[in-house]
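# Analysis of the macromolecular model
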Amino acid sequence: MKIIISVGGRFHAFNLAKQLLKRGFLEHLITSYPKFEVKKYGIPSNKIKSVFIKEILERSWSKAPSFLRRLYNPQFFISDLFDRLASRKVKKTDIFIGWSSKSLHCLRKAKKMGTITVLERGSSHMLEQQRILNEEYDKFGLKVQLAHPKIIEKELKEYEEADYISIPSHFVKRSFLEKGIPENKLIHVPYGVDLSAFKQIPKTDDVFRVVFAGGMTIRKGVPYLLQAFSELNLPNSELLLMGSVNEEIKPFFKKYNVRGRTSNIKWIGHVPQKELYKYYSQGSVFVIMSIEEGLAMVQPQAMACGLPVIATTNTGGEDIIRDGVDGFIIPIRDVEKLKEKLVYLYENPEIRQKMGESAKQRVLSGFTWDDYGKKIIKAYERIL
């Protein structure tokens, strides 16, 4: 079995490539990252096909004057350019795997050569994603263009033309089934966690610390987390936020008095992934209130560091977290339910510790990247 992967960026594609490489199945990895960067992830240069013009264009545009960025949205142009250039590097193999919105030309070329095609989609069905996020931004009175109309149109064509669509969670699966995609077209395998990078170390204080890692955005449900924690005002407690701040969240930071390291709601900015375990390990519970996300990989990361997780139904968490055992699954936007679960864990440290240990054992025994590799390769063998 020989497999080609094409990804504009990184996502979990490099983890998948490593799993295929270990078993001798990787033909090559096409990516927008330069070779020297990809090699850091354990992929040898002879297996890498780099189309790094995408990264150059995206990063250059992000530094352009704001008035220019308001006048033109190059999202589709850059995405489609990568796809067209990547398609030149596609050759006949057993399976081609391409990332959604950046693979239509690659899919078509692979299919002409008789290759089985798999589309990777890490989030819910594009139309459902747009619906729920537009609804959320409208709720907060924000006008945001989420995806270029041509990106949406292209991705819907990819859904139609790919032989299979690979997805990470029941939440994503439901969104595709509701949109009429047949179940036998879906490959459902949850992502994993790198246990060498995420391990528990001793907690050094008795503070009840609620931890969140990820982008500070509306999509991640950050306003609900800030509201719940602020309203509870629990003694000897702290909310620790890690990740870059989007402009849309700054008014909420001001409202809830988020001030770096000087209050009980602390934002410490971006933390390198290799350092995250140190902060997870000082937590008491991990919370993610995302409105829409295929499978947030911070969840198994936090679990590997011994934290119970409170997650919404729309994070993919239900594929990993057993409700009431490793943490809790709650509805999106439900601040009162979040407060209820936080108080329960705050008042019951023995149960909290037991759930954290259960969460750690859960990912150790079925949700590593090796586990993911075994499951996804079994699925590829089945479709062949």
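Notes on the structure follow. (Residues numbered from 1 in each chain as written. Predicted model: local features only at pLDDT ≥ 70, side-chain atom pairs only at ≥ 80, totals over all residues. Heavy atoms only, no water.)

On the basis of which strands lie adjacent, the open sheet formed by 7 strands has the order E3-E2-E1-E4-E5-E6-E7 and parallel pairing. Two strands close off the open sheet at either side, each with one partner strand: strand E3 (48-50) and strand E7 (186-188). For this sheet, the mean inter-axis angle between neighbouring strands, taken without regard to orientation, is 20°. Taken strand by strand, helix H9 (residues 170-178) contacts strand E6 (164-167) and E7, and its axis lies near 165° from that of E7. (Pairing = 2+ DSSP bridges. Helix = DSSP H or I, 4+ residues; strand = E, 2+ residues; numbered from the N terminus. Axes fitted to C-alpha atoms, helices over the stretch in contact; angles between N-to-C directions. Contact = heavy atoms within 4.5 Å.)

In this section: unusual backbone geometry. At Asn-236, a residue that is not glycine, the phi angle is positive and equals roughly 50°. For Asn-257, which is not a glycine, the phi torsion comes out positive at approximately 60°. Structurally, Asn-257 is set in the loop between helix H11 (250-255) and strand E10 (265-267).

Turning our eyes to something else, we now look at the sheet that holds strand E8 (residues 208-213). Here we have 6 strands laid out as an open sheet, ordered E10-E9-E8-E11-E12-E13, and parallel in their pairing. With one partner strand each, in any of the chains shown, E10 and strand E13 (327-330) form the two edges of the open sheet. Across this sheet, the average inter-strand angle for adjacent strands is 20°, counted without regard to direction. Judged from the 6 bridges that link them, E8 and strand E9 (residues 237-242) form a sheet pairing that is parallel. Its bridge partner lying in E9, Arg-209 is registered against Glu-238. With respect to the sheet, helix H10 (residues 222-232) is in contact with E8, E9, E10 and strand E11 (285-288), its orientation differing from that of E9 by roughly 165°. Packed on one face of the sheet, helix H14 (residues 335-347) meets E8, E11, strand E12 (309-312) and E13 and runs near 170° to E13.

Time to look at a nonpolar patch on the surface. Where nonpolar side chains cluster on the molecular surface, the patch consists of Phe-67, Leu-68, Leu-71, Tyr-72 and Phe-77 and spans about 550 Å² of accessible area. If one sorts the elements of the nonpolar patch by residue count, helix H4 (residues 66-71) sits on top with 3 residues. By the secondary structure assignment, Phe-77 is in helix H5 (residues 75-87). (Patch = residues over 30% accessible without salt bridge, like charges linked within 9 Å, V, L, I, M, F, W, Y side chains within 5 Å. Areas by Shrake-Rupley, 256 points an atom, 1.4 Å probe, with all protein chains shown as cover. Salt bridge = Lys/Arg side-chain N within 4 Å of Asp/Glu carboxyl O.)

What follows is about the pairing of E13. Of the two faces of E13, the one lined by Gly-327 and Ile-329 and the one lined by Phe-328 and Ile-330 are each fully buried. Relative to E13, E12 runs parallel, the two being bridged by 4 bridges. Bridge pairing links Ile-310 to Phe-328 in E13. (Buried < 20%, exposed > 50% of the residue type's maximum accessible area, 1.4 Å probe, protein only.)

Tracing the backbone through its elements, the reader meets Asn-233 in the loop between H10 and E9. The exposure class assigned to Asn-233 is exposed, which follows from its relative accessible area of 57%. For Asn-233 and Gly-243, which are 10 residues apart along the polypeptide, the C-alpha to C-alpha distance reads 23 Å.

This next bit is on the layout of surface pockets. By volume, the second largest pocket is sized at about 350 Å³. In this structure, the second largest pocket is lined by 21 residues; those nearest its centre are Gln-200, Lys-203, Gly-283, Gly-306 and Gln-353. Among the elements that make up the lining of the second largest pocket, the one with the highest residue count is helix H15 (residues 349-364) (6 residues). Residue composition of the lining of the second largest pocket, by class: 8 nonpolar, 7 polar and 6 charged. (1 Å grid on protein atoms, 1.4 Å probe; cavity = no way out; pocket = protein on both sides within 12 Å on 5 of 7 lines; lining within 4 Å. Points joined across faces, edges and corners; volume = space filled by probe spheres on them. Nonpolar A, V, L, I, M, F, W, Y, C, P; charged D, E, K, R; others polar.)

In this section: the pattern of salt bridges. As enumerated under the stated definition, the model contains 33 salt bridges in all. With a shortest N-O distance of 3.0 Å, Arg-59 and Glu-55 are connected by a salt bridge. One end of the pair, Arg-59, and the other, Glu-55, are both in helix H3 (residues 53-62), 4 residues apart, so they sit about a helical turn from each other. When the shortest N-O distance is used, the salt bridge between Glu-153 and Lys-157 registers 3.6 Å. Here Glu-153 pairs with Lys-157, and both are found in helix H8 (residues 149-161), just 4 residues apart, close to one helical turn. Taking the relative accessible area as the measure of exposure, Glu-153 reaches 45% and is therefore partly exposed. Of the residues examined, Lys-157 reaches a relative accessible area of 34% and is grouped as partly exposed.

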